[in-house]
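# Coordinates in review
Residues per chain, in single letters:
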Amino acid sequence: MPPGGRMGGPMGQFLTEEEKKNQPKVTPELLKRVFSYLKPYTKQLCLVLICIIISSFFTLLPSIITGKILDDGLLKRDFKALIYYIALSLIVTLLASLIGVVETYINTWIAQHITFDMRNQMYSHLQKMSQKFFTSNNQGDIITRMTSDIDGVKTVITNTFSSILSNSITLIIAMIAMFQKNWILALVGIVIVPLFTLPTRKAGKQRWKLTNESQQVNDEVNGILNETLSVSGQLLVKLFGKEKYEYDKYEKANRKMIGLNIKESMAGRWFMVILKTFTTIGPMLLYLAGGILMMKYDSDITIGDITVLVSLLGRMYMPVNSLLNIQVEWIRSMALFRRIFDYFDMPVDIKNADNAITPETVTGDVVFEHVEFSYDPSKKILNDINFTLKAGNSIAIVGPSGSGKSTIVNLIPRLYDVDSGSVTFDGIDVRQLDLTFLRNQVGVVSQETYLFNGTIRDNLLYAKPDATESDMIEALKKANIWDFIEKQEKGLDTEVGNRGLKLSGGEKQRISIARIILKDPTIFIFDEATSALDSISEKKIQDAIDPIIKSKTSILIAHRLSTILAADEILVVKDGTIAERGSHKELLSKEGVYKELYETQFSKALMEEDGVSELEQYIWGVQPGDEPHDEE
Ligand code: ADP
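Residues numbered from 1 in each chain as written. Predicted model: local features only at pLDDT ≥ 70, side-chain atom pairs only at ≥ 80, totals over all residues. Heavy atoms only, no water.

The environment of the ligand is formed by 13 residues, the closest being G402, G404, K405, S406 and T407. Residue K405 places a main-chain N or O atom 2.9 Å away from an oxygen atom belonging to the ligand. Expressed as a share of its isolated accessible area of 560 Å², the protein-covered part of the ligand is 66%. Among the elements that line the shell around the ligand, the one with the most residues is helix 11 (residues 405-410), at three residues. For the shell around the ligand, a count of residues per class yields four nonpolar, seven polar and two charged. (Near = heavy atom within 4 Å. Polar contact = N/O pair within 3.5 Å; in protein donor to acceptor, adjacent residues only side chain to side chain. Areas by Shrake-Rupley, 256 points an atom, 1.4 Å probe, with all protein chains shown as cover. Helix = DSSP H or I, 4+ residues; strand = E, 2+ residues; numbered from the N terminus. Nonpolar A, V, L, I, M, F, W, Y, C, P; charged D, E, K, R; others polar.)

Here is the structure:
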């Protein structure tokens, strides 16, 4: 601890307008909650308190000993006493520093453990949050809450809390010592302290305001430079002949900056003048008061006493200043806790029912009954969706982009819950089923595959931790990707890179299919698994998916006719409702949405599949809608 107390954290001394506006209400509940995190460490906190008391006392002790050095050593010409007090001063200073080290260690230990607890609690809470939370919150915000905000707590404990404690204790001890020496001079000292802290605070505030202002103007100037000195910016300026206009704007901002910079430097200068004057005036006033007592009132106060009082006064400056600034840090700390608690308090909207059911046997029937759903209450996404997927069958869902196809399938593993109506699995509402059980029954391959950073093996084991080498190879063969992996130098131990970046889209997709094959869920869901890929990759994936569709309970969202034709039933979704349903033949004869989709989307894809490129269609006049080949 630096002599005379410690300054607060590195944060600014004054609140910004925004911080003032967003000041949290410090209720007893909030405080109780904050302190509940400290509770498990009560023993260690008591130790810190003892350390702070001892080290504050030892830090002040040399000031008190100075009096003895003067009165009993120098003035009495007692050399032994002089050496004794000097040695004592040195020893207590050393002891104070050593205890300070112990205190820092315990403090840091507590702070680290509290943030460890908080991080784990937050991570586990976030994992329970629904998909809605992750899609409606910025990923950056979530990570900031997990990292910077919780790190902030560490600073609050090691800086703010201990600064409040150690500064208050230093002040109390200094005041007690002053009153013990001479109550009149102690009172004079107490009057002087605010005298020399308040003006410097005022000057500091003004300086801070100027710094803020000049920062703003600086941003403005940089903005102008960025805009007008870029290639396209200059082009615009030149083509519109705006050189003079832009110059004037720049010059004006630049001029504003000069004034502000000069004011800022001068405010700094004045700040130093005030600081120096008051730090000199304070002791002088005490000497004066001491002298008056000694000479005019014949008090028995000694030179040593006066020196002690002056020295203690000097040691009070920093703690008083820090405590005056603490209010700002305190508000910031409470805002930090408030932010973290707000996250903790966000309700977990998709969770296990109280008496969640884990069925013993599984068939795999899925029924949607009058399902209504919206992400945001103002916009209905699904409207009265009804369908039955019998175990062993497959359903294809088609429809224009944005019609709600993915939303429908996301309701099955409860990524979202229905607003009304129900989704049942084997006759039980999915909301009644054990979440882990339910999600184990469903395997999803979506357009956006996500592979974790690691090897292909790691990614496969994620789905089935006890899979054997031959299980994996078999799954990879079924997914049409074994040939590729076999050729890799490291085989299954090939690194996929961050998010699988070292692999092509098609390779990633096939590995993710192998992952689902290994998981072997009751229901397979393919959500546009083949879109956004080139036709060769698409074909390979198609070949991997087809046998699954034919043999397993599955739902596929697809844009390719050949995939759709493999399904037992086709649902045509439009604007969140099932507009048509039936087999390909039935739907074509209806002359409705499906026919339209077929003519614009599927048959074109089919032509490309058969090697008729768009260019050829143009050259040969092959019309979309021409009867497809023997797919039916
Ligand atoms: P499809 O799969 O048919 O292309 P989606 O089910 O993905 O359609 O989306 C249906 C509608 O819901 C779209 O209007 C889309 O903008 C909206 N939507 C999808 N996901 C979200 C989300 N997480 N939050 C809000 N709106 C969403």
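With that settled, the discussion passes to helix 6 (residues 139-181). In a regular helix each residue adds 1.5 Å, so 43 residues correspond to 63 Å; helix 6 covers 61 Å between its end C-alpha atoms and thus fits that length. A maximum bend of about 40° is found in helix 6 at V156. (Expected span 1.5 Å × (residues − 1). Bend = angle between axes of the 7 residues up to and from the residue.)

A word on the sheet that holds strand 6 (residues 442-446). Strand order in this open sheet of six strands is 6-7-8-3-9-10, and the pairing throughout is mixed. Two strands in the sheet have a free side with no partner beyond their single neighbour: strand 6 and strand 10 (577-582). Strand after strand, the sheet turns through a mean of 20° between neighbouring axes, direction not considered. In this structure, strand 3 (residues 394-398) lies alongside strand 8 (residues 553-557), joined through four bridges in parallel fashion. Of the residues in strand 8, the one forming a bridge with I395 is I555. (Pairing = 2+ DSSP bridges. Axes fitted to C-alpha atoms, helices over the stretch in contact; angles between N-to-C directions.)

Core analysis: the biggest nonpolar cluster contains 65 residues, and I340 and F341 have the highest contact counts within it. For this core, the element with the highest residue contribution is helix 10 (residues 303-345), accounting for 15 residues. Ignoring anything within four residues of it in the chain, the contact list for I340 reads M118, M122, R145, D149, I150 and V153. Counting 44 residues, the second largest nonpolar core, distinct from the first, contains V398, L476, I485 and L597. (Core = buried A, V, L, I, M, F, W, Y, C linked by side-chain atoms within 4.5 Å. Buried < 20%, exposed > 50% of the residue type's maximum accessible area, 1.4 Å probe, protein only. Contact = heavy atoms within 4.5 Å.)

Turning our attention to the pairing of strand 7 (residues 523-527). The buried fraction of strand 7 amounts to five of the five residues, a majority that puts the element mostly inside the structure. Examined bridge by bridge, strand 6 and strand 7 share five bridges and lie parallel to one another. Each residue of the ladder has a partner; that of S446, found in strand 7, is D527.

On the surface, a nonpolar cluster with roughly 550 Å² of combined accessible area is contributed by L195, I281, L285, L288, I292 and Y297. For the nonpolar patch, the element with the highest residue contribution is helix 9 (residues 243-295), accounting for four residues. Structurally, L285 is set in helix 9. Its relative accessible area of 31% is what places L285 among the partly exposed residues. (Patch = residues over 30% accessible without salt bridge, like charges linked within 9 Å, V, L, I, M, F, W, Y side chains within 5 Å. Salt bridge = Lys/Arg side-chain N within 4 Å of Asp/Glu carboxyl O.)

What follows covers the packing of helix 14 (residues 469-478) against helix 16 (residues 505-519). Relative to each other, helix 14 and helix 16 sit at 125°, their axes nearing to 8 Å. As far as their axial angle goes, helix 16 and helix 14 are oblique. In the packing of helix 14 onto helix 16, the handedness of the crossing is right-handed. The residues of helix 16 that touch helix 14, namely those facing D471, M472, A475, L476 and K478, are A514, I517 and L518. A breakdown of the residues in the contact of helix 14 with helix 16 according to their chemical character gives six nonpolar, no polar and two charged. (Parallel < 35°, antiparallel > 145°, perpendicular 65-115°, else oblique. Left-handed = near helix turned anticlockwise from the far one by under 90°.)

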